[in-house]
Structure formats: C-alpha cells, structure tokens
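Geometric and topological summary
What follows is the residue order along each chain.
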Amino acid sequence: MDTGFIDHERIFSYLKSARPPDAQETAAILAKARQLQGLDPAEAARLLLLEDEESLQALFAAALDAKNEIYGKRLVLFAPLYVSNLCNNECLYCAFRKSNDRITRRTLGQEEIRRETEMLVDQGHKRVLLVSGEGLGEAALGYSLKAIETIYSVKRGNGEIRRININIAALPVEAYRQLKAARVGTYQLFQETYHHDTFRRMHLQGPKADYLYHLTAMDRAMQGGIDDVGVGILFGLYDYHFEVLALLQHIRHLEETFGVGCHTISLPRIEPATGSDISLHPPHAVADADFRKIIAVLRLTVPYTGMILSTRENAQMRREAFSLGISQISAGSRTNPGGYANSDSGGQFSLGDHRNLEEVINDIVGHGYIPSFCTGCYRLGRTGSDFMDLAKPGLIKLFCLPNAMTSFKEYLVHYASAPTRAAGEELIGRMLSDIPDEKTREATKANLASIETGARDLYL
Ligand code: SAM
Ligand code: SF4
C-alpha cells in the first residue's frame, strides 16, 4: 500500500514510545515552544498525552502567548459560500454524498451566486470561502472560475468581497494555474483522515476515494502557482494522535519540497449530517478537552500557520479556541447552496453556532480581540514564503494588528449598530498602544481617521 509521504510506521513508532512528560519535561518543552521556532513531532506527541490540570494550563498559556506574539490580538472573519451540493463521491460522513436521497440538491446559477454575495457584502463580510461538492464533472472548473468572477464583480454601497478562498475537489496542475489566474487566495482541501485504511473505508466511491491523488493535491496546487494552501483533518474518523502527527508530516513534506508549508490548518470535528449514520456516531469522536489540547499543541508546533475554526463548533468552544491559538473563524454561516437567501436546499452538516455576524463580533470585542476583515497581505503579494519570511520574526504583527483595526473600522462605520460601533471604537482606541512601533502606530491613526471621513480599503 502506497501512502506517499505519510509514513504510517514511523508515526506508530512515535506513538508507541511516547509517554506523557513530567512537570519538568513539560516546562522544558514549553520553554522551547515559547521561542516560536516550533516543536519536533516527538515533542508534539508527548504534549498530546498531557492530562494533569496544571500542565494543561501551562500548555494553554504558552499557546495563547504564541498566538498573541505572532499575530497580535486579532481574529480574522470570513463566511463560506456554498454553491453546489451535488456530489459524485461517497464520503460516509457527509450529507452531500451521492447516494443520500434525503436532501434537496441544488447548484446555484451565476445570478444566485451574485445574490448570495450581495447578502454577505451587506452584512459587512470581505472574505469568502467558496465551497462545493464534486458533482459537476467536466464542467466543474469552468463553473468555479465563473463563480469567482461573479463574486469579485459584486460592488454594493461601501462593500465588496476582497479575497476568495476556495475549498473544492483535488485537481490537476493546470486547473490550479487557472484558479490562481482568477485571483484565488488560499486553496483548501482536507485530507479528512491520513490513515490509509480508514480513508478507504470512509470514501467508498468517486474520485475522492483515491488516497494518493487526494494527498498530493497540495503539491499540484503549489506547482500550479498557488502559494497559500490550507490543509485539514476531519476529527472523529481516526485516532487524533495519529492524525496530528501525520498532518505534521504533510507540512514537513511541503516545506521540504516547496520551501513553505501550509498557510492554514482547518480543524473540523464531525457534526451530525442528514442521512449519515457515521456522523451521528463518529468512530473516534474527539472530546472537548482533547480538542483544546490539539489546538494548543498545533499552535506551538507550527506557530506561524493560521488555524481555522468554523461554525460547526458552538459559541463557547469558539470562544475558548481563540484563546488557544485559532486565528480565523467563520461567522453567520449557511452550509446549503442559496442559504443566505433562505433556500431550502440541503445543508452539509448542522451548525453549532447560529449567531449572526454582528453577534459574533460583539463577543470577540468583549474578549478584547479585534475582529479583522483584512486582505492586505494577499493583495500586496505577501503570500507563500514571503508571508512566512515576515511571520517568522514576528513582523506580521506590525501589519496584522493595524490592518485588523482599519478593516474593522470600516465595518463599524458602514455596517455596525450604534452600540457595536461604540464598543468597537473604544477597543481600537485602547489597542492602538499595542502597536509596538511608533511610525506604524501613527500611520494606523491616519488610516483610521481617513476611514471616518469616507476612505475605504486602507492597509499597510
Ligand atoms: N467536496 C470537497 C471535499 O470534500 O474536499 C470540498 C467541500 S466539502 C463540502 C468541505 C469539508 O466539509 C470536507 O472536507 C469535510 O471535512 C467537511 N465535512 C463533511 N461532512 C462533515 C460533517 N458531517 N461534519 C463536519 N464536517 C464535515
Ligand atoms: Fe462530496 Fe466533499 Fe461531501 Fe465528500 S465531503 S461527499 S466530496 S461534498
């Protein structure tokens, strides 16, 4: 069995020999982690075994410090835009799988995509994740390219979508070249499970059933010129200790081959999906306590990688997660095509967080974080290894926090209710002093003042 660069034996041998670190060893690993140079797989494996409350609190504190040190106190917001729930695959955990006759199928036309985009823009969103099932065959790429063009073409009042990320099936290199030319930001694809046998049992039919083709999608995306790729694990399918170590092997492979690892890691846990028994009883369900640990360990092991949490999780877990290392969240999401305009087509899974964007924003502000709609790095070409070169010495903080403030200010001026605006402005005022460098602080103040008088889309 060929599992490519995922060396199953090696992972199992790490897991077999790993034992939980004692207090002194924990302190030593966390001291290393605090230098923000990452951790070895063996160290990550050991941290995943921590159980005692004191060590866990130390782990969580180190993860929070790492996140704040690198990005500053900001949280990036986006919304998914589901365009089609047709699918030729048979992924047992998903409501969109081909044989599921319990959902209404729908593929949005370009006018419907325009309408959905308008609704997101009217809420204040600037970043969209385009998501689709794999049911359109040969027409899929052309359809996605047209959808991207449609979304970027929407201009409404004071808003527009400024970055489209995309989560669609594995493609050949040439297709990634075309996505890049269409100005796609991050290309996301989740391996779901890196464990070969489990992968085979969970994916019964269709193109996605090919483990190696799926696994090597990011290689082809990078060969096709996409600098920012987003990987993910669907937690609940197999033992999370294995999955995390395999994910680290994937990242190492990308670093060795292309000089840069992944831009983001998504951390979905299986949620109930219509017509999927497995989604109701995941074989390796991950408990909340383990999920917290996974987030913190990843933040410390690959400190410069964005980490994404969706509305699969409830408000409480999302709140905890951004104190542990999550740097991006979706908000106000619908997972059925046409969902923002209230279509009755089938959703992909049930949501844990039903709050609208403004409610999520108020919550984030209440926790002292700036909600960010920033798209600056990608539009200034700070992607791939250029982004990592900036992120590594902590410089991204000089951009992330100021740009979070200016993009949030735009939201406050154009979309927020009066109480939200007041709370947001107060937070921005307080956090200006967190910008370490005076020149940047002054430039940010000037940008904030310009936005007050009508300027838009300002970033450093
Ligand atoms: N069809 C493409 C694919 O499978 O890669 C992309 C879109 S798929 C709708 C996006 C992701 O949803 C999948 O990669 C999977 O991790 C996640 N997903 C599927 N079923 C789920 C469930 N029941 N609960 C949580 N996430 C689920
Ligand atoms: Fe289709 Fe993706 Fe769902 Fe699998 S996870 S059934 S490929 S939409």
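Numbering of residues begins from 1 in every chain and follows the order in which that chain's sequence is written. Ligands are numbered from 1 and chains lettered from A, in the order in which they are written. A pLDDT threshold of at least 70 governs which residues receive local features in this predicted model, and a stricter bar of 80 or more applies before side-chain atom pairs are shown or counted, although totals over entire chains, interfaces and linings include all residues. Computation of side-chain values covers all heavy atoms of the structure but excludes hydrogens and water.

1. Observations concerning the overall build of the protein
- In terms of regular secondary structure, the protein is built from 20 helices and nine strands.
- Computation of the radius of gyration draws on C-alpha atoms, with the globule rule given as 2.2 Å multiplied by the number of residues to the power 0.38. Against the 2.2 N^0.38 benchmark of 23 Å for 460 residues, the protein shows a C-alpha radius of gyration of 21 Å, consistent with a compact globule.
- Along the first, second and third principal axes, the C-alpha set of the protein runs to 60 × 55 × 35 Å.
- Throughout this description, buried means an accessible area under 20% of the type-specific maximum (1.4 Å probe, protein chains only), exposed means over 50%, and partly exposed covers the range between. Across the 460 residues in the protein, those meeting the buried criterion constitute 60%.
- Counting contacts in the protein only where the partners sit at least 6 residues apart, residues at least 24 apart contribute 75% of the total.
- Charge counting treats Lys and Arg as positive and Asp and Glu as negative, with His and both chain ends excluded. Lysine's charge is taken at NZ, arginine's at CZ, aspartate's at CG and glutamate's at CD. A gap of 4 Å separates the mean positions of the 51 positive and 57 negative side-chain charges of the protein. Note on conventions: DSSP H or I runs of at least 4 residues are helices, E runs of at least 2 residues are strands, and numbering of each starts at the N terminus. Any two residues having at least one pair of non-hydrogen atoms within 4.5 Å are treated as being in contact.

2. Considerations on the layout of surface pockets
- Each cavity reported here is a set of points on a 1 Å grid over the protein atoms alone in which a 1.4 Å probe fits but cannot get out, each pocket an open set with protein on both sides within 12 Å along at least five of seven lines, and each lining residue one with an atom within 4 Å of a point. Grid points are joined across faces, edges and corners, and a volume is the space filled by probe spheres set on the points. Empty space within the largest pocket amounts to approximately 710 Å³.
- Along the walls of the largest pocket sit 33 residues, with Leu248, Ile251, Arg252, Glu255 and Val302 positioned nearest its centre.
- Where the lining of the largest pocket is concerned, the elements lending two or more residues are helix 1 (8–17), helix 11 (240–258) and helix 17 (384–391).
- With nine residues, helix 11 is the largest single contributor of residues to the lining of the largest pocket.
- Three residue categories are used. Nonpolar comprises Ala, Val, Leu, Ile, Met, Phe, Trp, Tyr, Cys and Pro, charged comprises Asp, Glu, Lys and Arg, and polar comprises the others, including Gly. Of the residues contributing to the lining of the largest pocket, the split by class is 15 nonpolar, 10 polar and eight charged.
- For the second largest pocket, the calculated volume is near 290 Å³.
- Lining the second largest pocket are 17 residues, with Glu134, Gly137, Ala140, Ala169 and Leu171 positioned closest to its centre.
- Among the residues forming the lining of the second largest pocket, the class breakdown is nine nonpolar, six polar and two charged.

3. Here's the deal with the packing of aromatic side chains
- Pairing of aromatic rings covers Phe, Tyr and Trp, the last through its six-membered ring, and needs centres within 6.5 Å; plane angles under 30 degrees mean stacked, over 60 mean edge-to-face, and all others mean tilted. Enumeration according to the criterion identifies 10 aromatic pairs in this entry.
- Taken together, a centroid distance of 5.1 Å and an interplanar angle of 35 degrees make the contact between phenylalanine 12 and phenylalanine 242 tilted. Taken as a pair, phenylalanine 12 in helix 1 and phenylalanine 242 in helix 11 lie far apart in primary sequence, 230 residues in all.
- Judged by relative accessible area, phenylalanine 242 falls into the buried class, the value being 0%.

4. Digging into the site of ligand 1
- Note on definitions. A residue lies near a molecule or strand when any single heavy atom of the residue is within 4 Å of it. Taken together, 18 residues form the shell around ligand 1, and within it Glu192, Lys208, Glu271, Arg312 and Gln348 come nearest.
- Two N or O atoms count as a polar contact when they lie within 3.5 Å, although within protein this holds only if one can serve as hydrogen donor and the other as acceptor, and sequence-adjacent residues are included solely when both atoms are side-chain atoms. In the model, an oxygen atom of ligand 1 is placed 2.5 Å from a nitrogen or oxygen of the glutamate 192 side chain.
- Between an oxygen atom of ligand 1 and a side-chain N or O atom of lysine 208, the distance comes to 2.7 Å.
- We get accessible surface area from the Shrake-Rupley algorithm with a probe of 1.4 Å; when it comes to residues, only the shown protein chains can shield them. Within the complex, 97% of the 560 Å² of free accessible area of ligand 1 lies under protein.
- In a pocket analysis with a 2 Å cut-off to the grid points, ligand 1 is assigned to the largest cavity. Whether a molecule sits in a cavity or pocket is decided by its atoms, more than half of which must lie within 2 Å of the grid points.

5. Observations regarding empty space enclosed by the protein
- Per the counting criterion, the structure on display carries six cavities of 30 Å³ or more.
- Of the volumes computed, that of the largest cavity is approximately 740 Å³.
- Surrounding the largest cavity, 44 residues form its lining, Asn167, Phe190, Glu192, Arg312 and Gln348 being those nearest its centre.
- Listing elements by their share of the lining of the largest cavity, those giving two or more residues are strand 1 (74–84), strand 2 (127–132), helix 9 (211–215) and strand 7 (306–309).
- Taken together, the residues of the lining of the largest cavity sort by class into 24 nonpolar, 13 polar and seven charged.

6. Section: the site of ligand 2
- Cys87, Asn89, Cys91, Tyr93, Cys94, Phe96, Arg97, Gly133 and Lys208 make up every residue found near ligand 2.
- When atom positions are compared with the pocket grids, ligand 2 is found to occupy the largest cavity.

7. Some remarks on the side chain of threonine 420
- Looking at where threonine 420 falls in the secondary structure, it is placed in helix 19 (residues 418–431).
- Looking at threonine 420, the relative accessible area reads 4%, which means it is buried.
- Among the polar contacts made by the side chain of threonine 420, one reaches the side chain of glutamate 358 at a distance of 2.4 Å.
- Reaching out from threonine 420, the side chain makes a polar contact with the side chain of asparagine 362 at a distance of 3.0 Å.
- Once you skip the residues sitting within four places of it in the chain, threonine 420 turns out to touch Glu358, Ile361, Asn362 and Leu412.

8. With respect to the packing of helix 1 against helix 11
- Taken N-terminus to C-terminus, the directions of helix 1 and helix 11 make an angle of 125 degrees; their axes are 10 Å apart at the nearest point. Taken together, the axes of helix 1 and helix 11 are oblique relative to one another. You can see that helix 1 and helix 11 cross each other, and the crossing is right-handed. Side by side, helix 1 and helix 11 meet where His8, Arg10, Ile11, Phe12, Tyr14 and Leu15 of the first sit next to His241, Phe242, Leu245, Ala246 and Gln249 of the second.
- Grouping the constituent residues of the contact of helix 1 with helix 11 by class yields seven nonpolar, three polar and one charged. For helices, the fitted axis covers only the stretch in contact; all axes are lines through C-alpha atoms, and the angles between them, taken along N-to-C directions, range from 0 to 180 degrees. Comment on the angle field: the value is read as roughly parallel under 35 degrees, roughly antiparallel over 145, roughly perpendicular from 65 to 115, and oblique elsewhere. Here a crossing is called left-handed whenever its near helix is offset anticlockwise from the far helix by less than a right angle, and right-handed whenever the offset is clockwise.

9. A word on the pairing of strand 7
- Residues of strand 7 alternate between two faces, with Gly306 and Ile308 on one and Met307 and Leu309 on the opposite face, all of them buried.
- Should DSSP find at least two bridges between two strands, the strands are taken to pair. Of the pairings in the sheet, the one linking strand 6 (residues 264–266) to strand 7 comprises three bridges and is parallel in character. Bridge pairing in strand 7 places threonine 264 opposite glycine 306.
- Across two bridges, strand 7 lies against strand 8 (residues 328–330) in parallel orientation.

10. Thoughts on unusual backbone geometry
- A positive phi is found at glutamate 192, a non-glycine position, where the angle reads about 70 degrees.
- Looking at where glutamate 192 falls in the secondary structure, it is placed in the loop between strand 4 (184–188) and helix 8 (196–202).
- A relative accessible area of 9% means that glutamate 192 is categorised as buried.
- Positive phi outside glycine occurs at aspartate 457, with the angle close to 55 degrees.
- By secondary structure assignment, the location of aspartate 457 is in the segment after helix 20 (438–452).

11. Details of the nonpolar core
- Of all hydrophobic cores here, the largest spans 125 residues; its most connected members are Leu59, Leu179, Tyr194, Ile265 and Leu298.
- In terms of residue count, helix 11 provides more of this core than any other element does, nine residues in total.
- For leucine 179, the residues in contact, after removing those within four places along its chain, are Leu141, Leu145, Ile148, Ile166, Ile168, Leu171, Val184 and Ile226.
- Formed by 19 residues, the second largest nonpolar core is a distinct cluster that contains Phe78, Tyr82, Ala273 and Ile308. Definition used in this section: a nonpolar core is a set of buried Ala, Val, Leu, Ile, Met, Phe, Trp, Tyr and Cys residues joined via side-chain atoms within 4.5 Å.

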